[in-house]
Amino acid sequence: MEIACRQDVKQGPAYIRSNISGELKDYAIEIQKVDYNSGHKNKSMVIKVTDPELLELTGGIVQGMSGSPIIQDGKLAGAVTHVFVQDASRGYGILIENMMEH
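Below is a short write-up of the structure. (Residues numbered from 1 in each chain as written. Predicted model: local features only at pLDDT ≥ 70, side-chain atom pairs only at ≥ 80, totals over all residues. Heavy atoms only, no water.)

1. Quick notes on the overall build of the protein chain
For the protein chain, the helix and strand inventory stands at 2 helices and 6 strands. Taking 2.2 N^0.38 as the reference for a compact globule, 102 residues should give roughly 13 Å; the C-alpha atoms of the protein chain span a radius of gyration of 12 Å, in line with that estimate. When its C-alpha atoms are laid out on the principal axes, the protein chain stretches across 35 × 30 × 25 Å. In the protein chain, which comprises 102 residues, the proportion classed as buried is 38%. For the protein chain, restricting intrachain contacts to residue pairs at least 6 apart in sequence, the fraction spanning at least 24 positions comes to 52%. When the accessible surface of the protein chain is summed, it comes to about 5,700 Å², and 49% of that surface belongs to carbon and sulfur atoms. In the protein chain, 10 positive and 13 negative side-chain charges are present, and the distance between their average locations comes to 6 Å. (Helix = DSSP H or I, 4+ residues; strand = E, 2+ residues; numbered from the N terminus. Rg over C-alpha atoms; globule rule 2.2 N^0.38 Å. Buried < 20%, exposed > 50% of the residue type's maximum accessible area, 1.4 Å probe, protein only. Contact = heavy atoms within 4.5 Å. Areas by Shrake-Rupley, 256 points an atom, 1.4 Å probe, with all protein chains shown as cover. Lys, Arg positive; Asp, Glu negative; His and termini not counted. Charge placed at Lys NZ, Arg CZ, Asp CG, Glu CD.)

2. Details of the sheet that holds strand β3 (residues 45-49)
If you trace the 6 strands once around the closed barrel, you get β1-β2-β3-β6-β5-β4, paired in antiparallel fashion. Adjacent strand axes in the sheet meet at a mean angle of 45°, parallel and antiparallel pairs treated alike. Bridge analysis of β3 against strand β6 (residues 87-95) gives 4 bridges, and the strand direction is antiparallel. Paired with Ile47 across the strands is Gly91, a residue of β6. (Pairing = 2+ DSSP bridges. Axes fitted to C-alpha atoms, helices over the stretch in contact; angles between N-to-C directions.)

3. Focus on the side chain of Ser18
Mapped onto the elements of the fold, Ser18 is located in strand β1 (residues 12-18). Those residues in contact with Ser18, other than ones at most four positions away along the chain, are Glu23, Leu24, Lys25, Tyr27, Met65 and Ser68.

4. Considerations on the nonpolar core
Counting residues in each nonpolar core, the largest one holds 18 residues, and the members touching the most others are Val9, Ile16, Ile29, Ile31, Met45, Ile47 and Ile70. Those residues within four positions of Ile47 in sequence are excluded, and the remaining contacts are Ile29, Glu30, Ile31, Ile61, Ile70, Val80, Ser89, Arg90, Gly91 and Tyr92. (Core = buried A, V, L, I, M, F, W, Y, C linked by side-chain atoms within 4.5 Å.)

5. Some words on the environment of Ser18
Looking at Ser18, the relative accessible area reads 5%, which means it is buried. Here Ile20 takes part through its backbone nitrogen, which lies 3.1 Å from a polar atom of the side chain of Ser18. (Polar contact = N/O pair within 3.5 Å; in protein donor to acceptor, adjacent residues only side chain to side chain.)

6. Remarks on the pairing of β6
The sheet contact formed by strand β5 (residues 75-84) and β6 spans 6 bridges and is antiparallel. Paired with Val80 across the strands is Gly93, a residue of β6. Hairpin connection of β5 to β6: 2 residues between the antiparallel strands.

7. Things to note about the environment of Phe84
Along the chain, Phe84 falls in strand β5. Each C-alpha atom of the pair Phe84 and Val62 lies 10.0 Å from the other, and the pair is 22 residues apart in sequence. Phe84 has contacts with Val46, Arg90, Gly91 and Tyr92, leaving out every residue within four places of it along the chain.

8. Concerning unusual backbone geometry
Although it is not a glycine, Asp73 sits at a positive phi angle of roughly 55°. Tracing the backbone through its elements, the reader meets Asp73 in the loop between β4 (69-72) and β5.

Here you go:
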């Protein structure tokens, strides 16, 4: 899959790919914020789960979903890293460019 350059990742609709239901599926999310210069590289994006099926199944982001790919406009934008403790429907993601630096 083609990767998204940091400047290609933007606020708006995207998907996370997960097999949390037992089969590999794409679930709708919204990228709410992108911090291109964050000192916390593994918290470069704020994401919100909007997919009704995933929200019904898990309530949002759960343990084991870290590393799930974030796909936007058909490109690999990054991966899920953390869940917000106070709101499981929201969490952080890391940009794929930051991942490739390591």
